[in-house]
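Spelled out from the first residue to the last, the chains are:
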Amino acid sequence: MSVRMIPFSSDKKAGICDALFSVQEAEKAVAFHRSLHGYEATPLRHLKNLSKVLNISGLYVKDESRRFGLNAFKGLGGSYALAKVMAEKTGMGLEDVSKVPAGTFTFVTATDGNHGRGVAWAAKNLSQKAVVYMPKGSARERLENIRRQGAEAEITDLNYDNTVRFASEQAQKNGWILVQDTAWEGYEKIPTWIMQGYMTMAWEAVQQMGDNIPTHIFLQAGVGAMAGAVTGFFSNYYGEKAPKIIIVEPDKANCLFKTANANDGTLHKVDGDLDSIMAGLCCGEVCTVGWEILKHRVDYFFSCPDYVAADGMRVLGNPLAGDERIISGESGAVTSGLVYNLMNDPKLESFRKELGLGQDSVVLCLCTEGDTDKENYRHIVWDGWYRNENTERNV
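Residues numbered from 1 in each chain as written. Predicted model: local features only at pLDDT ≥ 70, side-chain atom pairs only at ≥ 80, totals over all residues. Heavy atoms only, no water.

Q: Before we go on, may I ask you to explain the overall build of the protein chain in this structure?
A: Each helix and strand in the protein chain was counted, giving 15 helices and 11 strands. For the protein chain, the C-alpha radius of gyration of 20 Å lies close to 21 Å, the compact-globule estimate for 395 residues. When each of the 395 residues of the protein chain is scored for burial, the buried share is 63%. Restricting the contact set of the protein chain to residue pairs at least 6 apart, pairs at least 24 apart contribute 76%. Taking the average place of the 42 positive charges on the side chains of the protein chain and the average place of its 49 negative ones, the gap between the two points comes to 3 Å. (Helix = DSSP H or I, 4+ residues; strand = E, 2+ residues; numbered from the N terminus. Rg over C-alpha atoms; globule rule 2.2 N^0.38 Å. Buried < 20%, exposed > 50% of the residue type's maximum accessible area, 1.4 Å probe, protein only. Contact = heavy atoms within 4.5 Å. Lys, Arg positive; Asp, Glu negative; His and termini not counted. Charge placed at Lys NZ, Arg CZ, Asp CG, Glu CD.)

Okay, structure coming up:
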């Protein structure tokens, strides 16, 4: 499979993002996260020397491997949503939910790894219970990381989307609270809270960028929850100076790409095993809340084979002298890998020109996870797994 791109003629109309994903809502999430033990803004890496090699003005990568010791950004959404749920059910303020008696609530979720670990961590911090289900093929390391947070966790024999359905069924059967980072008709409040929690990452990034406004923001997407939330925030924050937003998915789980390509008012899903190394993005069904934002704000959608993520992992993990090293997992590195390929692969020249990537471009990528599967990380970075054997490089 090759890299595929489609331009998307979003209407830029005001919509759900203006109310729910405003700067003001982001600041509420930031204030909550600042109250948590261990909070600190994750670093924004300016890879100056790589930028020169790629012939762009600047490449900035937000390193979420440093978030709350969880090696991924997902704890932002899980912690904010659990606190909002508990506040709503008890009548307490967010600042007081830690006083809720231990074991009052049981939260359940489905996950490829990072979201479940974040929910488990948040539940433990609030002295509540968590149950986590994972799809078939999930890495044992990710399962054990969740269990170490005190949650009950198991790997099912289902794909991701069917594991979500199973978790929902268990919530109804046992009186648990489903905390899922995807939304569907009738289940949108909690996913919206999770998405609002993700805005802390974007708020930090714009503060760290200062007056250096990005021209392009590349965002990876599974169901589109994180991508939708931060797209809404960036669009609101930058207003008329809003950068081009580019969504990036695995070609084996490209439900947003398919939905945008059809552009027929219907959400399109991807069935099957969703077999990509980008485990955190292997989701076949679109988040309804996320799409309501993306369809008004996104400029381009990309569908990428696994080698793009692998290239990103190798480039970030083996920096040029003077640039800082970033240890990134597959899902975290795919956006940087795409930028690298766009600027180096002659076969992608038409895409590069369409995007307007060049010497004046300031690019922002979010590295959403570290090496959450260390064995696979070594195979890719050390052993050269998932290489594109047919590409001629400019570098």
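Q: Looking at this structure, I do not really get the pattern of salt bridges. What am I missing?
A: Side chains that carry opposite charge are capable of pairing whenever their charged atoms lie near each other. Throughout the structure, instances matching the rule amount to 18 salt bridges. Notably, a salt bridge pairs K28 with E25, separated by 3.2 Å at the nearest N-O pair. A residue pair is termed a helical-turn pair when its members lie 3 or 4 positions apart in one helix, as K28 and E25 do in helix α2 (residues 23-34) at three residues. Looking at K28, the relative accessible area reads 47%, which means it is partly exposed. A network of salt bridges, in which partner residues are shared, links K62, E64, R67 and E204. (Salt bridge = Lys/Arg side-chain N within 4 Å of Asp/Glu carboxyl O.)

Q: What is the right way to look at the sheet that holds strand β9 (residues 244-250) in this model?
A: Each strand in a sheet pairs with another by means of backbone hydrogen bonds, the pair being arranged parallel or else antiparallel. The seven strands lie next to each other as β1-β10-β9-β8-β11-β3-β2, forming an open sheet whose pairing is mixed. In this open sheet, the two edge strands, each paired with only one partner strand, are β1 (4-7) and β2 (44-46). In this sheet, neighbouring strand axes are inclined to one another by 20 degrees on average, regardless of whether the strands run parallel or antiparallel. Two strands pair when backbone bridges link them, and strand β8 (residues 216-220) and β9 are joined in this way by five bridges, in the parallel orientation. In the strand pairing of β9, F218 is matched with I246. Of the strands in this sheet, β8, β9 and β11 (362-367) are in contact with helix α9 (residues 225-238), which crosses β8 at around 160 degrees. (Pairing = 2+ DSSP bridges. Axes fitted to C-alpha atoms, helices over the stretch in contact; angles between N-to-C directions.)

Q: Quick question: what am I supposed to make of the side chain of E249 here?
A: Mapped onto the secondary structure, E249 falls in strand β9. Despite its burial, E249 pairs with no opposite charge; the closest candidate is R4, at 8.7 Å N-O. Among the polar contacts made by the side chain of E249, one reaches the main-chain amide nitrogen of C255 at a distance of 3.2 Å. (Polar contact = N/O pair within 3.5 Å; in protein donor to acceptor, adjacent residues only side chain to side chain.)

Q: I tried to follow the pairing of β9 on my own but got confused; where do I start?
A: Remember that side chains alternate between the two faces of the sheet whenever the strand is regular. Where burial is concerned, most of β9 is hidden: six out of the seven residues are buried. Of the crossover connections in this fold, the one passing from β8 over α9 to the parallel β9 is right-handed. (Right-handed = clockwise from strand over helix to strand, strands pointing away.)

Q: Just checking my understanding: could you explain unusual backbone geometry for this structure?
A: Leave glycine aside and you will find that most residues have negative phi; peptide bonds, for their part, are mostly trans. In this structure, F68 is a non-glycine residue whose phi angle is positive, near 55 degrees. Notably, N263 is not glycine yet its phi reads approximately 50 degrees, a positive angle. Here N263 lies in the loop between α10 (255-262) and α11 (288-297). The class of N263 is exposed, set by a relative accessible area of 53%.

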